[in-house]
Amino acid sequence: MLPRDRTRRLSLAAVAALVALGATTLTGQRRGVFLESRDHPAIRYSDGPRSDVVTALDRAVQAGDTQLAFEPTTGYLHAVLDALDIPVESQVTVFSETSFQARWVTPENPRAIYFNDTVAVGWVRGADVLEVASLDATQGVLFFSIDQQPAEQPRIRRNNQCLACHLSWDTLGIPGLTTLSTLPMPDDPNAYAIGWVTDHRIPLSDRWGSWYVTGAPPSLRHLGNSTEPLEIVPGPDADPAPALDTLEGLFDLSGYPTPYSDIVALLVLEHRTRMTNLLVRTGWEARVAVYDEGRAGRPPAD
């Protein structure tokens, strides 16, 4: 399946990258975010020691202790999910152009995300790489990719390209996780995405734009399951979202391990996203404070 050519449209990923770039000049005007460099001596995000499970998996693969099987349609998806103990039941699907693999993503070929407490994997059928985000106890959220090409010892490489969208005010100033609600765009070369970050604080009626949602009560209002272009968020009198039991019949499910994009998985993912960012930011702030106290010759505060 070949995705439609949307390369002239300005995606939300591009907008987020511009916002993140502009935000670097406004550091002194924003509170509630991590203000130091991610490579502060107390953090060393780029080159500090790592102990996360994805780094450990890559080391095991390179040492020959673990093999990752390649499949024609899904590439390394199943092998990585099995190696990292990520259940396929966590699958959620999104068709907004909000990833660096946006050119492959359409309502007929949505991006699938799988996750557990510490790792998330993003798969797009036909795309070049498998995306992985891993929570390291010290370094926070690290981003990786795996080339979707058969190899005896495939490499799982750090991919800082992801930071164009995953390092912003919305991630609290640390490399972090985001979930977005995006209004579907019209087929207009000058159109741009309208969207916002969602987590457990956002009303359900404002969530899941450009996501498929299965298993939701028929009476629930949300923005999912619609591929029709929207210019504004529907008001309180709008009809409930289309109810879906499964993804069957919406698009070709070849390669997708399960025909669901379950509402419970979406709720857990959004909560996990916000809490992970809060915990990482808190840890980084504490480490910087201890470092500064040590440099000043004062004992750390209790």
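Conventions and cut-offs
Residues numbered from 1 in each chain as written. Predicted model: local features only at pLDDT ≥ 70, side-chain atom pairs only at ≥ 80, totals over all residues. Heavy atoms only, no water. Phe/Tyr/Trp six-rings, centres within 6.5 Å; stacked < 30°, edge-to-face > 60°. Helix = DSSP H or I, 4+ residues; strand = E, 2+ residues; numbered from the N terminus. Buried < 20%, exposed > 50% of the residue type's maximum accessible area, 1.4 Å probe, protein only. Lys NZ or Arg CZ within 6 Å of the ring centre and 35° of its normal. pLDDT = per-residue confidence, 0-100. Contact = heavy atoms within 4.5 Å. Pairing = 2+ DSSP bridges.

**Topic: the packing of aromatic side chains**
In step 1: What the rule picks out here adds up to seven aromatic pairs.
In step 2: Seen in terms of ring centroids, phenylalanine 34 and tryptophan 284 are 5.2 Å apart; in terms of plane orientation they differ by 70°. Their pairing is edge-to-face. With phenylalanine 34 in the loop between α1 (12-23) and α2 (53-62) and tryptophan 284 in helix α5 (residues 263-295), this pair connects stretches of sequence that are 250 residues apart. Accessibility classification places phenylalanine 34 together with tryptophan 284 in one group, the buried group.
In step 3: Centre to centre, the rings of phenylalanine 95 and tyrosine 212 are 4.8 Å apart; their planes meet at 50°, and the pair counts as tilted. Of this pair, phenylalanine 95 sits in the loop between β1 (92-94) and β2 (111-115) while tyrosine 212 sits in strand β9 (residues 211-212); the two residues are 117 residues apart in sequence, bridging distant segments of the chain.
In step 4: Residue tyrosine 212 is classed as buried on the basis of its relative accessible area, which comes to 4%.
In step 5: Taken together, Phe95, Trp123, Tyr212, Phe251 and Tyr256 form an aromatic cluster joined through their ring pairs.
In step 6: It is arginine 103 that lies over the ring of tryptophan 104; its NZ or CZ is 3.9 Å from the centre.

**Quick look at the confidence of the model for the protein**
In step 1: With 84% of its residues at a pLDDT of 70 or more, the protein has an overall mean of 86.
In step 2: Within the model, the stretch residues 1-29 combines pLDDT values under 50 with 49 contacts to residues more than four positions away or in other chains.

**Things to note about the sheet that holds β9**
In step 1: The seven strands lie next to each other as β6-β5-β4-β3-β2-β1-β9, forming an open sheet whose pairing is antiparallel. Two strands lie at the open edges of the sheet, namely β6 (156-158) and β9, each paired on one side alone.
In step 2: In this sheet, β2 lies alongside β1 in antiparallel orientation, the contact comprising three bridges. From the neighbouring strand, valine 92 faces β2, where its bridge partner is isoleucine 113.

**Some points on the pairing of strand β3 (residues 119-123)**
As a general feature of sheets, a regular strand has side chains that alternate between the two faces.
In step 1: Among the five residues of β3, five are classified as buried, and the element is accordingly described as predominantly covered.
In step 2: Side chains of β3 alternate between two faces, with Val119, Val121 and Trp123 and Ala120 and Gly122 buried alike.
In step 3: Here β2 pairs with β3 via four bridges, running antiparallel. When the bridges of β3 are listed, tyrosine 114 appears paired with valine 121.
In step 4: Once β2 ends, the chain turns through three residues before running back antiparallel as β3.
In step 5: Examined bridge by bridge, β3 and strand β4 (residues 129-136) share four bridges and lie antiparallel to one another. In the strand pairing of β4, valine 121 is matched with valine 132.
In step 6: Where β3 folds back on β4, the antiparallel hairpin that results is connected by five residues, among which glycine 126 adopts a positive phi of roughly 85°.

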